[in-house]
Amino acid sequence: MTACKLIRKLLNLKGLLVTDFELKIRDKKVNLWVKPYKNGCRCPHCNRRRPIVRKMNGPRVWRDLPICGLSIYLWFFPREVICPIHGRVQEDIPWANAYARVTYRFEFALLVYCQLMTQKAAARLLRIPKSTLSDLLHRTITRMRDGHKIRGLKAIGVDEISYAKRHKYATIVYDLDRSCVLWVGQGKGRETIDQFFKEALSDYQKKNIKLSSCDMSGTYIGAIETHCPNAKLVLDRFHIVKALNKAVDDVRKEQWRNASVDERKAIKGLRWLLFRHSSNRSKKHTRTLNALRKGNRRIHRAWVLKDEFEHFWDYKAPWAAVKFLSGWITTALKSRLDPIRTFAKTLRKHKDRILTFIETRLTNAVSEGLNRIIKIVKNRASGFRTLQAFEDMIFLTVGDVDIPGQIPVRFRVI
Ligand SMILES: [Zn+2]
């Protein structure tokens with residue numbers, strides 16, 4: 001076995017021949033001169049052998065996976081071929097995409113590493129600077145998503161998310177059936193969500209959407225109702241519960257502010273206890289909360305209302321749910337607790353959109369689960385400075401296209 005053949009076998013290089021090599025120990029670098037195995041001179045579009053017109057001006061170089069601390073570079077003089085159908089084109093490069101400066105194997109490793117770890121760690125493993133990595137990642141993901149169309153969309157969810165350490169917002173659109181992210185846009189206003197409906201969906205697709213879910217902000221509700229005439233809108237349960245919890249907390253804060261030192265003792269350490277769902281509350285917790293009846297009646301009242309509202313989600317029959325909801329709203333409005341009354345007014349306004357939950361049982365599990373993954377990605381990177389970087393990571397981890405799956409199978413090795 002010749003040295004070139006050994007190198008080819010050792011590095012598991014497929015679809016090419018090694019013609020020469022150069023080892024630069026001081027630079028921790030290996031240069032390999034390669035050429036396509038047997039089947040060079042093919043048109044990249046139709047994959048037929050075509051006559052060579054000329055050699056390109058200079059050699060091209062591709063970075064391959066680093067091995068044992070050595071960076072590997074592949075060198076090759078691509079030729080120009082003439083295809084009767086596609087004209088003069090650069091011949092097909094079997095180990096890399098036409099315009100890429102890294103091999104498919106490198107791209108695959110890059111994508112998989114970035115799914116698993118921070119970009120900084122991935123850059124270190126791949127022996128490239130972090131800025132180069134973000135750049136490469138963006139180009140690879142854009143290429144993979146290029147020309148991709150949304151298909152078979154039946155249920156959508158819309159939500160906002162902050163990035164860049166809570167200063168900026170993005171709107172995210174989910175496919176609730178397939179639990180993946182379809183679209184990301186800058187901002188959380190009406191024009192952002194309108195842009196999604198205009199750019200990403202055809203009229204037919206919009207009519208085909210049967211279910212939709214979003215929070216209680218008027219922006220998304222308005223946009224969904226305008227663009228998707230056949231969609232049943234369900235207000236996201238998670239957001240409703242969150243709003244109610246916030247109202248209860250506002251009552252608590254107000255009481256805390258106005259309380260004397262002695263009174264404060266009775267309402268200390270309540271914050272997280274008030275938020276707890278009845279199913280994961282211990283007897284001791286319940287006793288503490290019941291004791292509030294004497295300690296602070298207003299907080300107790302708010303908590304009782306919040307606890308009662310939990311039953312709403314268990315109703316099966318729409319008529320019973322309507323009755324319950326109306327009753328609850330009336331009681332809440334009489335409560336003389338301003339934050340709770342504001343919440344009840346919002347509920348009254350959106351009553352129909354909340355009752356759809358009982359019929360459809362559209363749970364928020366999907367968007368909540370996706371949101372959690374997105375938050376992990378965001379925290380791991382300690383925020384993103386640009387939306388583009390954030391978007392890349394969202395599409396890579398929870399996007400509607402399996403991005404590493406776009407790399408040809410034989411190159412999916414790390
Ligand atoms: Zn061709």
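A brief structural summary.

Here we look at a positive patch on the surface
- Residues K120, R124, K130 and R385 make up a contiguous surface patch of positive charge.
- In this fold, R124 is placed in helix 3 (residues 119–125).

With respect to the layout of surface pockets
- In this structure, the second largest pocket spans a volume of roughly 540 Å³.
- Examining the composition of the lining of the second largest pocket, we find that 5 residues originate from one element, helix 4 (residues 130–145), more than from any other.
- Here the residues of the lining of the second largest pocket are counted per class, giving 8 nonpolar, 8 polar and 7 charged.

Describing the coordination of the zinc ion
- The zinc ion binds to the protein through C43 (SG), C46 (SG), C83 (SG) and H86 (ND1), with metal-donor distances spanning 2.0 to 2.4 Å.
- Coordination at the zinc ion comes from 4 donor atoms whose angles at the metal span 99 to 120 degrees, giving a geometry best classed as tetrahedral.
- Written as a sequence motif, the donor arrangement for the zinc ion is C-x2-C-x36-C-x2-H.
- The class for C83 is buried, based on a relative accessible area of 2%.

Some thoughts on the environment of Q255
- Relative to the helices and strands, Q255 is located in helix 8 (residues 237–258).
- On a C-alpha basis, the gap between Q255 and K232 in space is 40 Å, while along the polypeptide they are 23 residues apart.

Digging into the sheet that holds strand 7 (residues 87–90)
- Reading across from one edge, 3-6-7 is the order of the 3 strands in this open sheet, with antiparallel pairing throughout. The open sheet has two edge strands, strand 3 (52–55) and strand 7, and neither has a second partner. In this sheet, neighbouring strand axes are inclined to one another by 25 degrees on average, regardless of whether the strands run parallel or antiparallel.
- Sheet topology note: the strand 3/strand 6 (residues 79–83) ladder contains 3 bridges and is antiparallel. Counterpart to I52 in the pairing with strand 6 is V81.

Details of the environment of T132
- For T132, the location among the structural elements is in helix 4.
- On the basis of relative accessible area, T132 is assigned to the partly exposed category, the value being 36%.

Considering unusual backbone geometry
- Backbone geometry places N47, a non-glycine residue, at a positive phi of 60 degrees.
- Residue placement: N47 occurs in the loop between strand 2 (29–36) and strand 3.
- Look at N47 and you get partly exposed, because its relative accessible area is 45%.
- A positive phi is found at R336, a non-glycine position, where the angle reads about 60 degrees.
- Positionally, R336 belongs in the loop between helix 13 (318–333) and helix 14 (338–349).

Overview of the pattern of salt bridges
- One pass over the structure, following the stated rule, counts 17 salt bridges.
- In this structure, R105 and D64 form a salt bridge, with 2.5 Å as the shortest nitrogen-oxygen distance. Here R105, found in helix 2 (residues 104–116), pairs with D64, found in strand 4 (residues 60–67); they are 41 residues apart in sequence, far enough to count as distant.
- What makes D64 buried here is its relative accessible area of 2%.
- Ionic pairing is found between D249 and R252, a salt bridge with its closest N-O pair at 2.8 Å. Taken together, the residues D249 and R252, both in helix 8 and 3 residues apart, mark about one turn of the helix.
- One network of salt bridges, in which partners are shared, links R54, E80 and R88.

Examining the packing of aromatic side chains
- Summed over the entire model, instances satisfying the criterion amount to 17 aromatic pairs.
- Plain terms: the ring middles of F76 and W95 are 5.6 Å apart, the flat faces sit at 75 degrees to each other, and that makes the pair edge-to-face. Separated by 19 residues along the polypeptide, F76 in strand 5 (residues 70–76) and W95 in the loop between strand 7 and helix 2 bring together distant segments of the chain.
- The class for F76 is buried, based on a relative accessible area of 4%.
- According to the relative accessible area criterion, W95 is buried, its value standing at 2%.
- Note on W313 and F357: the rings are 5.0 Å apart at their centroids and 90 degrees apart in plane angle, and the pair reads as edge-to-face. Note that W313 is positioned in the loop between helix 12 (297–309) and helix 13 and F357 in helix 15 (residues 351–360), a separation of 44 residues in sequence. Of the two residues, W313 and F357, both sit in the buried class.
- An aromatic cluster is present here, built from F309, F312, W313, Y315, F324, W328, F343 and F357 joined pairwise through their rings.

Cut-offs used in this document
- Residues numbered from 1 in each chain as written.
- Predicted model: local features only at pLDDT ≥ 70, side-chain atom pairs only at ≥ 80, totals over all residues.
- Heavy atoms only, no water.
- Patch = residues over 30% accessible without salt bridge, like charges linked within 9 Å, V, L, I, M, F, W, Y side chains within 5 Å.
- Areas by Shrake-Rupley, 256 points an atom, 1.4 Å probe, with all protein chains shown as cover.
- Salt bridge = Lys/Arg side-chain N within 4 Å of Asp/Glu carboxyl O.
- Lys, Arg positive; Asp, Glu negative; His and termini not counted.
- Charge placed at Lys NZ, Arg CZ, Asp CG, Glu CD.
- Helix = DSSP H or I, 4+ residues; strand = E, 2+ residues; numbered from the N terminus.
- 1 Å grid on protein atoms, 1.4 Å probe; cavity = no way out; pocket = protein on both sides within 12 Å on 5 of 7 lines; lining within 4 Å.
- Points joined across faces, edges and corners; volume = space filled by probe spheres on them.
- Nonpolar A, V, L, I, M, F, W, Y, C, P; charged D, E, K, R; others polar.
- Donors = N, O, S within 2.8 Å, 3.2 Å for Na, K, Ca; no water.
- Tetrahedral: all angles 85-135°; square planar, octahedral: opposite > 155°, others 65-115°.
- Buried < 20%, exposed > 50% of the residue type's maximum accessible area, 1.4 Å probe, protein only.
- Pairing = 2+ DSSP bridges.
- Axes fitted to C-alpha atoms, helices over the stretch in contact; angles between N-to-C directions.
- Phe/Tyr/Trp six-rings, centres within 6.5 Å; stacked < 30°, edge-to-face > 60°.

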